[in-house]
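Observations on the model geometry
If you want the building blocks of each chain, they are given just below.
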Amino acid sequence: MLLVLVLLQVCLCCLWLGSTEVVTSFEGTCPQFFFGGTPPGDALEPDSAARICQRYKNQYRYATLYDRNRRIPIYSAYLYQPGDGKRPNTWMVEPQLMGSSYPKEMKTEWTLMTTLNVSQNEIKKSQAVLQDYKNLTNCNRGHLNPNGHQPNPDSKASTFTLTNIVPQYEKLNGGQWNNYEQSIMATRTADCANTYIVVGVVPGNNYIAKGRVNKPSHIWSAACCEVDNNHRRSWAVIAENDKNAITLVTL
């Protein structure tokens, strides 16, 4: 019941008319990634939350609510605009999680260490780093906002930040979840003028990287399709993060 309520709260915004950069509110900085400029309510907010307007090459690409303590995103919100392009292979982190004096755009760990003289230990205090995702067993790096849902190379590259990644069961990531992202979404959005997506997690009891990074118990995706000014619909899926299966949730 709790999971259904969480998903319902996310998708209710579909019914309301109404820099990677750490900000005080999404509404004031990057509301364009939420239908009607309305983010999910406080029920999803962790104790140590960071709101990130994901900024890359001087443009906001999507929004992420980040859990500093568990070192995972709770959700990422974006517009569904799939386009052609190669999958990037460079991973970045969020400098402003270390403090407001750092750059507002996502950077690679190497860039921070070589140009700003920041140690990896300093980066690790505020967020997950690439080392946390090395030598994983039965899980891999799972995007909340997938690069395949983005329209151009720069937007695709912006999804390769560790603030948009959770440990995901590898068979789910490459199986039914991938099928939903690539095939089911394309079918369901065929007549949509705009589709607003929020992909999130339910934090779990297990961790990777010697307790540094939480492994979610569930992963979910909620969609709001705006056909025109008078017609819209919503749907969601949820998956246990140790099985290769998804469940469609009627809202």
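We now turn to the structure provided with this report. Please read all numbers here as calculations on a predicted model, not as lab measurements. (Residues numbered from 1 in each chain as written. Predicted model: local features only at pLDDT ≥ 70, side-chain atom pairs only at ≥ 80, totals over all residues. Heavy atoms only, no water.)

A short note on the overall build of the protein chain
Rule in force here: Numbering of helices and strands starts at the N terminus; helices are DSSP runs of H or I of at least 4 residues and strands are runs of E of at least 2. Here the term buried applies to any residue with accessible area under 20% of the maximum for its type, exposed to any over 50%, and partly exposed to those in between, with areas from a 1.4 Å probe on protein chains only. Values of accessible area rely on a 1.4 Å probe in the Shrake-Rupley scheme; residue burial ignores everything except the protein chains shown. In this tally, Lys and Arg are treated as positive and Asp and Glu as negative; His is ignored, and so are the chain termini. Taken as the charge centre is NZ of Lys, CZ of Arg, CG of Asp or CD of Glu, depending on the residue.
If you tally the helices and strands in the protein chain, you get 7 helices and 12 strands. With the principal axes as the frame, the protein chain shows a C-alpha extent of 55 × 35 × 35 Å. Counting only residues that meet the buried cut, the protein chain has 51% of its 251 residues in that class. Just so you have it, the protein chain exposes about 11500 Å², and 46% of that area is on carbon and sulfur atoms. Between the centroid of the 24 positive side chains of the protein chain and the centroid of its 20 negative side chains there is a distance of 6 Å.

Remarks on the nonpolar core
Keep this limit in mind: Residues belong to one nonpolar core when they are buried, are Ala, Val, Leu, Ile, Met, Phe, Trp, Tyr or Cys, and are joined through side-chain atoms within 4.5 Å.
Counting 59 residues, the largest nonpolar core has Phe26 and Tyr75 as its most contacted members. When residues of this core are traced back to their parent elements, those giving at least two are strand S2 (49–55), strand S3 (60–67), strand S4 (72–79), strand S6 (165–169), helix H7 (176–188), strand S7 (194–202), strand S10 (218–228) and strand S11 (231–240).

Notes on the pairing of S2
Heads up, the rule is: Following DSSP output, two strands are said to pair if at least two bridges run between them.
Most of S2 is tucked away, with 5 of its 7 residues classed as buried. Across 3 bridges, strand S1 (residues 21–23) lies against S2 in antiparallel orientation. Across the sheet, the residue bridging to Val22 is Ile52, located in S2. Summarising the sheet, S2 and S3 pair through 7 bridges and their orientation is antiparallel. Bridge pairing in S3 links Gln54 to Tyr62. Where S2 folds back onto S3 in an antiparallel hairpin, the turn is made up of 4 residues, including Lys57, whose phi is positive at roughly 50°.

Examining the packing of aromatic side chains
To be explicit about the condition: Stacked, tilted and edge-to-face pairs are distinguished by plane angle, under 30 degrees for stacked and over 60 for edge-to-face with tilted covering the rest, among Phe, Tyr and Trp rings (Trp via its six-membered ring) whose centres lie within 6.5 Å.
The tally for this structure, following the rule as stated, stands at 6 aromatic pairs. Taken together, the aromatic side chains of Phe26, Phe34 and Tyr75 make up a single cluster linked through ring pairs.

Considering the pattern of salt bridges
What counts, and what does not: What counts as a salt bridge is simple: a side-chain nitrogen of Lys or Arg found within 4 Å of a carboxyl oxygen of Asp or Glu.
For the coordinates displayed, the defined rule picks out 8 salt bridges. As a salt-bridge pair, Arg212 and Asp132 come within 2.9 Å of each other at their nearest N and O atoms. Note that Arg212 is positioned in the loop between strand S8 (206–208) and strand S9 (213–215) and Asp132 in the loop between helix H4 (120–124) and strand S5 (139–143), a separation of 80 residues in sequence. Judged on exposure class, the residue Arg212 and its partner Asp132 are both buried. The residue Asp242 makes a salt bridge to Lys243 at a minimum N-O spacing of 3.5 Å. One network of salt bridges, with partners in common, ties together Glu240, Asp242 and Lys243.

A few points about H7
Condition: Multiplying 1.5 Å by the helix residue count minus one yields the expected span of that helix. By the convention used here, residues are in contact when the closest approach between their heavy atoms is within 4.5 Å.
The terminal C-alpha atoms of H7 lie 16 Å apart, and with 13 residues this falls more than 12% below the ideal 18 Å at 1.5 Å per residue. Where H7 is concerned, the buried positions are Trp177, Tyr180, Glu181 and Met185. Buried-residue contacts for H7 involve S5, S6, helix H6 (170–173), S7, S10 and S11.

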